[in-house]
Amino acid sequence: DAQFAKEISEDEKTRVAKKYALPERYILNVGSIETRKNALQVVRALKDIDDAVSLVIVGRRTKYAAKIDEVVKNNGLDARVKIISGIDFKDLPAVYAQAEVFVYPSFYEGFGIPIVEALNVGVPVVAATGSCLEEAGGASSIYVDPTNDREMSDAINRVLAYSDLRMKMIADGKEYAKRFSEEQCASEIFDIYRLLTS
């Protein structure tokens with residue numbers, strides 16, 4: 001959606017942060033909270049990430065969310081994991097914009113729209129290998145084994161620790177995401193149409 005490519009004001013960020021009681025620093029995951037989306041990997045990796053950084057999961061709750069709740073409770077992570085369901089779509093860009101890293105550890109996807117949303121807003125992406133997510137995220141996103149919690153925590157820690165890496169991922173990601181704009185897609189479809197009718 002075009003709203004993810006627009007500049008987000010500080011007032012809008014403040015409003016959304018207050019509305020959803022967002023943590024000061026957080027990693028973000030967006031998508032239905034179900035088994036194939038694999039959010040548990042990030043929850044487990046959180047214990048090896050700076051205590052000042054929380055995890056915000058935005059999505060529709062399913063039975064899988066109860067497993068996440070259980071792991072959170074058993075590992076004393078209650079204060080560091082926040083699940084938000086029923087978020088207003090217009091508020092999503094500001095939720096993305098305040099995240100330090102966007103994580104998408106899904107086992108399989110048709111494409112991975114939330115990755116493109118994160119890139120458009122300007123958030124570095126860590127996603128899973130073995131699916132189609134490399135196409136959505138481009139060469140400057142980081143990809144990890146969706147079954148390896150240590151790889152996930154190491155990747156997140158690299159983005160948090162190295163500002164040069166973070167800035168490069170943001171700049172390259174915004175540039176890469178342009179290929180998925182409505183204008184670019186329409187232009188490519190039109191080119192195909194012309195080729196087929198000539």
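Residues numbered from 1 in each chain as written. Predicted model: local features only at pLDDT ≥ 70, side-chain atom pairs only at ≥ 80, totals over all residues. Heavy atoms only, no water.

Caption draft 1: Structural context of helix H1 (residues 10-19). Turning to H1, its buried residues number three or more, namely Lys 13, Val 16 and Ala 17. Projected onto a plane normal to the axis of H1, the buried residues spread over an arc of 100° and lie on a single side. Of the exposed residues in H1, the ones pointing more than 90 degrees away from its buried face are Asp 11, Thr 14 and Lys 18. For H1, the secondary structure elements touched by its buried residues are helix H4 (92-97). Ala 21 occupies a position one or two residues after H1 and carries a positive phi of about 50°. (Buried < 20%, exposed > 50% of the residue type's maximum accessible area, 1.4 Å probe, protein only. Helix = DSSP H or I, 4+ residues; strand = E, 2+ residues; numbered from the N terminus. Arc of directions from axis to C-beta. Contact = heavy atoms within 4.5 Å.)

Caption draft 2: Examining the environment of Leu 165 more closely. Position of Leu 165 relative to the elements: it lies in helix H8 (residues 163-177). When the C-alpha atoms of Leu 165 and Thr 129 are compared, they prove to be 20 Å apart, with 36 residues separating the residues in sequence. Apart from residues no more than four positions distant in its own chain, Leu 165 is found in contact with Ile 142, Arg 158 and Val 159.

Caption draft 3: Quick peek at the pattern of salt bridges. This model, assessed by the stated rule, comprises 16 salt bridges. Here Arg 150 and Asp 48 are joined by a salt bridge, their closest N and O atoms 3.9 Å apart. Of this pair, Arg 150 sits in helix H7 (residues 149-161) while Asp 48 sits in the loop between helix H2 (39-45) and strand E2 (54-58), placing them 102 residues apart in sequence. Owing to a relative accessible area of 48%, Arg 150 belongs among the partly exposed residues under this scheme. The residue Lys 90 makes a salt bridge to Asp 91 at a minimum N-O spacing of 3.5 Å. Taken together, the salt bridges that share partners define one network made up of Glu 12, Arg 15, Lys 19, Asp 88, Lys 90 and Asp 91. (Salt bridge = Lys/Arg side-chain N within 4 Å of Asp/Glu carboxyl O.)

Caption draft 4: Inspection of the sheet that holds E2 at higher detail. Read across the open sheet, the six strands follow the order E3-E2-E1-E4-E5-E6; overall the sheet is parallel. In this open sheet, the two edge strands, each paired with only one partner strand, are strand E3 (81-84) and strand E6 (142-144). Geometrically, the sheet is characterised by an average inter-axis angle of 20° between neighbouring strands, direction not taken into account. Pairing between strand E1 (residues 26-30) and E2: five bridges, direction parallel. (Pairing = 2+ DSSP bridges. Axes fitted to C-alpha atoms, helices over the stretch in contact; angles between N-to-C directions.)

Caption draft 5: Quick peek at the packing of H7 against H8. Across the interface, H7 lies against H8 with an axial gap of 5 Å and an inter-helix angle of 95°. Classified by the angle between their axes, H7 and H8 sit roughly perpendicular to one another. For the pair formed by H7 and H8, the contact residues are Arg 158, Val 159 and Ala 161 on the first element and Ser 163, Leu 165, Arg 166 and Met 169 on the second. Grouping the constituent residues of the contact of H7 with H8 by class yields four nonpolar, one polar and two charged. (Parallel < 35°, antiparallel > 145°, perpendicular 65-115°, else oblique. Nonpolar A, V, L, I, M, F, W, Y, C, P; charged D, E, K, R; others polar.)

Caption draft 6: Just the layout of surface pockets, in detail. Volume-wise, the second largest pocket comes out at about 190 Å³. The wall of the second largest pocket is formed by Phe 4, Ala 5, Lys 6, Glu 7, Ile 8, Lys 13, Ala 97, Asn 120, Val 121, Gly 122 and Lys 174. For the lining of the second largest pocket, the class distribution of residues is five nonpolar, two polar and four charged. (1 Å grid on protein atoms, 1.4 Å probe; cavity = no way out; pocket = protein on both sides within 12 Å on 5 of 7 lines; lining within 4 Å. Points joined across faces, edges and corners; volume = space filled by probe spheres on them.)

Caption draft 7: Up close: unusual backbone geometry. Residue Ala 21 is not a glycine yet carries a positive backbone phi of 50°. Looking at where Ala 21 falls in the secondary structure, it is placed in the loop between H1 and E1. For Asn 38, which is not glycine, the phi torsion reads 65° and is therefore positive. Within the secondary structure layout, Asn 38 lies in the loop between E1 and H2. For Asn 38, a relative accessible area of 4% puts it in the buried group.

Caption draft 8: Seen up close, the pairing of E3. Of the strand pairs in this sheet, E2 and E3 are connected by four bridges, and their pairing is parallel. In the strand pairing of E3, Val 58 is matched with Ile 84. Traced from E2 through helix H3 (residues 63-74) to E3, the parallel crossover comes out right-handed. (Right-handed = clockwise from strand over helix to strand, strands pointing away.)

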